[in-house]
Amino acid sequence: MRTTLKNGLRLITTHMPGMRSASIAFFFAVGSRYETDEIAGVSHFIEHMLFKGSQHYPSARKISEAIEGVGGNFNGSTGKEITSYTARVPGEDLPVVLDVLADMIRHPLFDPIEIEKERGVIIEELSSTQDDPQEWVNLLIDEAMWPNLPLGRDDAGNIESVKRLQRQQMLEYLDTYYRPNSLVVSVAGNIDHQEVLALVEKLFHDWEARPTPSWTPCLPPLHTPPVRMIKKATEQTNICLSTLGTAYGSPDYYPLLLINGLLGDGMSSRLFQTLREEQGLAYDIGSYFNSYYETGSLVVSAGVDPSHTQEAVHSILAELTRLCDEPVPTAELERIKAYIRGSILLGLEGTQQVASWLGSQECLYNRMWSIDEVLANVSAVTVEDIQRVARICFAPQWRRLAVIGPDDTRRAGYFKTVLAGV
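Note that this is a predicted model, so its numbers are computed, not measured.

(A) Region of the structure containing the packing of aromatic side chains. Taken as a whole and judged by the stated rule, the model has 18 aromatic pairs. The ring centre of Trp215 lies 3.8 Å from the NZ or CZ of Arg33, which sits over that ring.

See below:
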């Protein structure tokens, strides 16, 4: 059920009989793409600070004890367009945890000492990224696709911006974007909508709504260096090859979802079978896609022996080209549809998954899609849809490559010509 409070807060509840747990997800329509370069990382810093103490739970320990003391667990996450706070608890303890989360977001302390402690933690988090080439290359490919744009930045910002963030900047940002009309509260479990509504109204009825600023469009530029290479003494080369994606509200979203499944989602995918099973080029190979309000990207990632970098890039491009040139066999398309349908259904068996799935939809789309609607959209994709979207998204001008490993960075020019299909 869905209820909108007078101040714009949206409450979604999902009754799941037989469940002993209840899950709560708070979604704010704000993330790293809302930030200027000057305050890059502020959304993520705020998310961390909300767990460090609030008016009625004045320390991180008090917050943890209140939730873990009833057997619950909790977490926070900052993305490009959403910041979330989630918890899963025994159903009867839902009121306690709702109270804790409400106090965290409405009355955080932002103790100066705790800010400095957390600043060090976040800087260490940012620094550690370069110790993990697999994680680093996934950030590097976003920079290649969206250079000097918010969608191309690490959600946590950068070391320089985090060092200079001030308490007052955080409080001003919090006051601007953390408003009831930008908040979706999603609760799933063996719960009653009216009872949860009464709790939420008690905690939030006096919170004033106010317009919040939007973000700057981040369409990927065409005329930008397509190859980013960083030399690092690693045992394997980490590759990300990215192409244009699509917005999550686009009619092409579902064809791209299936294209991703065909290419690199699972052990029966084309990339896994070709690069790993047949050619032995990569132990780790797969794909994923990012969708935002107005744009997106599809990314193929692989870890290969440095002597196979060139061959792996050629093989990945060959699979992209095959989807453009050859219609997908009907049997293969039906198999991947069944795989996607199964993944969706299996991923929505728990209270936490349901609360997060519906809450994020409401936050992004301003509506919720039923499972039947989503499955119908998957089933409706045709062979022609797959080929049409592949030809748009995989066009040479949209190809980007990020490479981290012992490879000679002077080969960037060669890879540029390979991406261009020359």
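(B) Structural context of the sheet that holds strand β2 (residues 10-15). One open sheet accounts for 6 strands, arranged β1-β2-β6-β3-β5-β4; its pairing is mixed. Looking at strand neighbours, the two that pair on one side only are β1 (2-4) and β4 (73-78), the edges of this open sheet. Averaged over all adjacent pairs, the angle separating strand axes in this sheet is 15°, with direction ignored. Where strand β3 (residues 21-28) and strand β6 (residues 183-189) come together, 7 bridges link them in antiparallel fashion. Residue pairing across strands places Phe27 opposite Val184, the latter belonging to β6. Strand contacts of helix α3 (residues 94-106): β3, β5 (83-90) and β6, with the helix running at about 15° to β3, the strand carrying the most contacts.

(C) View of the layout of surface pockets. For the largest pocket, the calculated volume is near 1100 Å³. Lining the largest pocket are 33 residues, and of these Tyr248, Tyr253, Trp357, Leu364 and Tyr365 sit closest to its centre. Elements supplying a minimum of two residues to the lining of the largest pocket: α9 (253-264), β9 (282-291), α12 (330-346), α13 (351-365) and α14 (371-379). With 5 residues, the top contributor of residues to the lining of the largest pocket is α13. In terms of residue class, the lining of the largest pocket is built from 19 nonpolar, 10 polar and 4 charged. Here the second largest pocket is characterised by a volume of approximately 520 Å³. Around the second largest pocket, the lining is made up of 24 residues, and of these Glu143, Arg153, Asp154, Gly157 and Asn158 lie nearest the centre. At the level of secondary structure, the elements contributing two or more residues to the lining of the second largest pocket comprise α4 (112-128), α5 (133-145) and α6 (159-164). A total of 4 residues in the lining of the second largest pocket trace back to one element, the largest contributor, which is α6. For the lining of the second largest pocket, the class distribution of residues is 9 nonpolar, 8 polar and 7 charged.

(D) Broad picture of the side chain of Glu47. Tracing the backbone through its elements, the reader meets Glu47 in helix α1 (residues 42-49). It is Lys52 that comes nearest to the buried, bridge-free Glu47 among opposite-charge side chains, at 9.8 Å. Those residues in contact with Glu47 that lie beyond four places of it in its chain are Gly76, Ser77, Thr78, Thr83 and Tyr85.

(E) Looking closely at the pairing of β5. Burial analysis of β5 places 6 of its 8 residues in the buried class, which makes it a mostly covered element. Summarising the sheet, β3 and β5 pair through 8 bridges and their orientation is antiparallel. Paired with Ser23 across the bridge in β5 is Arg88. As paired elements, β4 and β5 share 6 bridges and run antiparallel to each other.

(F) Looking closely at the nonpolar core. One finds Ile259, Leu323, Ile386, Phe394 and Leu401 to be the most contacted residues of the largest nonpolar core, which totals 66 residues. Not counting residues up to four positions away in its chain, the partners in contact with Leu323 are Ile259, Leu262, Leu263, Arg270, Val328, Ile386, Gln387, Ala390 and Phe394.

What counts, and at which threshold
Residues numbered from 1 in each chain as written. Predicted model: local features only at pLDDT ≥ 70, side-chain atom pairs only at ≥ 80, totals over all residues. Heavy atoms only, no water. Phe/Tyr/Trp six-rings, centres within 6.5 Å; stacked < 30°, edge-to-face > 60°. Lys NZ or Arg CZ within 6 Å of the ring centre and 35° of its normal. Pairing = 2+ DSSP bridges. Helix = DSSP H or I, 4+ residues; strand = E, 2+ residues; numbered from the N terminus. Axes fitted to C-alpha atoms, helices over the stretch in contact; angles between N-to-C directions. Contact = heavy atoms within 4.5 Å. 1 Å grid on protein atoms, 1.4 Å probe; cavity = no way out; pocket = protein on both sides within 12 Å on 5 of 7 lines; lining within 4 Å. Points joined across faces, edges and corners; volume = space filled by probe spheres on them. Nonpolar A, V, L, I, M, F, W, Y, C, P; charged D, E, K, R; others polar. Buried < 20%, exposed > 50% of the residue type's maximum accessible area, 1.4 Å probe, protein only. Lys, Arg positive; Asp, Glu negative; His and termini not counted. Salt bridge = Lys/Arg side-chain N within 4 Å of Asp/Glu carboxyl O. Core = buried A, V, L, I, M, F, W, Y, C linked by side-chain atoms within 4.5 Å.

Fair warning: the whole summary comes from geometry, so function is off the table for now.
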